[in-house]
Amino acid sequence: SLRMNGPGRPWSAACLDALSELLGETPEVTQKVMFGVPAFFVTSRVFCCVWGEGVGLRLPTVQAQSLIGVDALAPFRPFGRAPMSGWIQRDLTLPIVGAERALIEAACAHVRAL
């Protein structure tokens, strides 16, 4: 089921639970709100958010661009705006394993290093 709390778009509670479980033990990761949806931050910078039935992820711009169209990855376009540079999105399969887990961990590592 999708939830709504603020100006963002409806988001999946199951995706939030899966991300919270995956990231709960990661040092310095906190959960806040971005665009009215649950988001995860490291060193006070956002690296992923729950968006609809999936996740938006912040990666190095070149890497993000190279992944668009691969394995259901698309540009991250909050509210239908122009794509955010360095961001991709995709629906999540639950539980989070394999390539999805690696992308989420890569986004966290990228933002931690900024």
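Residues numbered from 1 in each chain as written. Predicted model: local features only at pLDDT ≥ 70, side-chain atom pairs only at ≥ 80, totals over all residues. Heavy atoms only, no water.

## Structural notes on the nonpolar core
One finds Leu-19, Leu-23, Phe-40, Phe-47 and Leu-57 to be the most contacted residues of the largest nonpolar core, which totals 37 residues. Secondary structure elements with two or more residues in this core: helix H1 (13-23), strand S3 (29-34), strand S4 (37-42), strand S5 (45-51), strand S6 (54-58), helix H2 (61-67), strand S8 (87-91) and helix H3 (98-113). Per-element accounting of this core gives the leading share, seven residues, to H1. Discounting chain neighbours no more than four positions away, the residues touching Leu-57 are Phe-47, Cys-48, Gly-86, Trp-87, Ile-88, Leu-103, Ile-104 and Ala-107. (Core = buried A, V, L, I, M, F, W, Y, C linked by side-chain atoms within 4.5 Å. Buried < 20%, exposed > 50% of the residue type's maximum accessible area, 1.4 Å probe, protein only. Helix = DSSP H or I, 4+ residues; strand = E, 2+ residues; numbered from the N terminus. Contact = heavy atoms within 4.5 Å.)

## Let's talk about the sheet that holds strand S7 (residues 74-75)
Pairing in this open sheet of six strands is antiparallel, and the strands run S3-S4-S5-S6-S8-S7 from one edge to the other. The sheet terminates laterally at S3 and S7, the two strands that pair on one side only. Relative to S4, S3 is paired through six bridges, and the arrangement is antiparallel. Bridging from a neighbouring strand, Lys-32 pairs with Ala-39 of S4. (Pairing = 2+ DSSP bridges.)

## A look at the pattern of salt bridges
Enumeration according to the criterion identifies four salt bridges in this entry. The residue Glu-105 makes a salt bridge to Arg-101 at a minimum N-O spacing of 3.1 Å. Separated by four residues within a single helix, Glu-105 and Arg-101 lie in helix H3, roughly one turn from each other. Classification of Glu-105 as partly exposed rests on a relative accessible area of 40%. Connected through shared salt-bridge partners, Asp-71, Arg-90 and Glu-100 make up one network. (Salt bridge = Lys/Arg side-chain N within 4 Å of Asp/Glu carboxyl O.)

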